[in-house]
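Geometric and topological summary
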Amino acid sequence: MKPKLFSEEFKDKIVLLTGGSGQIGCVIMNHYVEAGAVVLNMDITQPISFLELPESYCAGKPESYFLMADVTKRTDVEAAIEKILRIMGRIDILINCAGISVFTPFEKRTDDEFQSVMDVNVKGTFLVTQAVSGHMVRDGIKGVILNFGSIYGVSAADQRIYGDSGRNSPEVYAMSKASVIHFTRYMARYLSPHGIRVNCLSPGGIFANQAPAFVRNYVYKTPLNRMGTPEDLIGGIFFLTSSMSEYVTGQNLLVDGGFTIGD
Ligand SMILES: NC(=O)c1ccc[n+]([C@@H]2O[C@H](COP(=O)([O-])OP(=O)(O)OC[C@H]3O[C@@H](n4cnc5c(N)ncnc54)[C@H](O)[C@@H]3O)[C@@H](O)[C@H]2O)c1
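In short, a report on the structure. (Residues numbered from 1 in each chain as written. Predicted model: local features only at pLDDT ≥ 70, side-chain atom pairs only at ≥ 80, totals over all residues. Heavy atoms only, no water.)

1. A word on the sheet that holds strand β2 (residues 38-43)
One open sheet holds the 7 strands; their spatial order is β3-β2-β1-β4-β5-β6-β7, and the pairing between them is parallel. Where the open sheet ends on each side, the last strands, each with one partner, are β3 (63-68) and β7 (252-255). Going from strand to strand, the sheet's axes swing by 20 degrees on average, the running direction of each strand aside. The pairing of β2 with β3 spans 6 bridges and is parallel. Within β3, the residue paired with valine 39 across the bridge is serine 64. In this fold helix α3 (residues 111-138) packs onto β1 (14-18), β4 (93-96) and β5 (144-148), with an angle of close to 175 degrees to the strand it touches most, β4. (Pairing = 2+ DSSP bridges. Helix = DSSP H or I, 4+ residues; strand = E, 2+ residues; numbered from the N terminus. Axes fitted to C-alpha atoms, helices over the stretch in contact; angles between N-to-C directions. Contact = heavy atoms within 4.5 Å.)

Right, here's the structure in full:
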């Protein structure tokens, strides 16, 4: 599925995407590049094939570049954004996609596990948003910010669907994603005087060869009768980062096959 409405919308746009090396991030990256954008992938994991952002950039070439940066570290984030601005001059679209979880049960949660999830999902989203929105405000860029939430930021996970699959949906992930969804509302109002929009997209479970029993249980609870794919998210992502949504801010779009509409 390739949304057709956005053919010219992203041409020459500079997109900063965190977590672009992940299963969802790399699909997002490819779609923006195909649509004519330049994508800067800020991640701690190198994709299999990648280009580092060269010191002299030749405008007009849709491409993706990799910048090694840990979103939980202010120095990494600020250095990466300083480099992007020095070379590219601006950031039009920020997508905060980097995120992690843990799979141990609530009763066994350690301080380190708790902190690591909150650090990437909450502090990382905060740090990158602070640095990029600072640039947008300073330089008069009426940009767009898109955060990544989750179905589990709005609905309580039914632990029964996980069985003995070795996965579960932990409380700290739910807390972190609820926080991102509310941060989205806060920032949407905060940045509105500058013409900057902030929205959130919350995916449902993406199929990634999970245990068959879990997939069966998950699909049973999903009105559209299947797990999601990264491609399912592209229409919503393009909508929320284009002029098609110019009167939309502070919203959380659930792209989940109806999973959260109730049992
Ligand atoms: N996959 C799903 O079923 C699902 C469902 C709902 C929400 N989400 C959310 O979608 C987003 C992407 O998920 P995904 O499935 O592609 O995950 P993924 O694990 O495949 O990718 C996450 C990426 O984030 C990067 N990352 C982790 N810590 C980082 C850090 N400190 N600094 C910079 N980069 C870091 C990883 O290296 C990885 O490339 C996440 O925010 C996730 O919570 C995923």
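What follows picks up the thread again.
2. With respect to the nonpolar core
Leu16, Leu40, Ile81 and Met88 are the most contacted members of the largest nonpolar core, which totals 34 residues. Among the elements of the structure, β1, β2, β3, α2 (74-88), α3 and α4 (171-191) are those that each provide at least two residues to this core. If we skip the residues at most four places from it in the chain, leucine 40 touches Ile14, Val15, Leu16, Leu17, Leu53, Tyr65, Leu67, Ile84 and Met88. (Core = buried A, V, L, I, M, F, W, Y, C linked by side-chain atoms within 4.5 Å. Buried < 20%, exposed > 50% of the residue type's maximum accessible area, 1.4 Å probe, protein only.)

3. Overview of helix α1 (residues 25-34)
Inspection of α1 places Gly25, Val27, Ile28, Met29, His31 and Tyr32 among the buried residues, and these make up the whole buried set. Check the buried side of α1 and you find it contacts β1, β2, β3, β4, β5 and α6 (234-240). Looking at the residues trailing α1, positive phi occurs at glycine 36, about 100 degrees.

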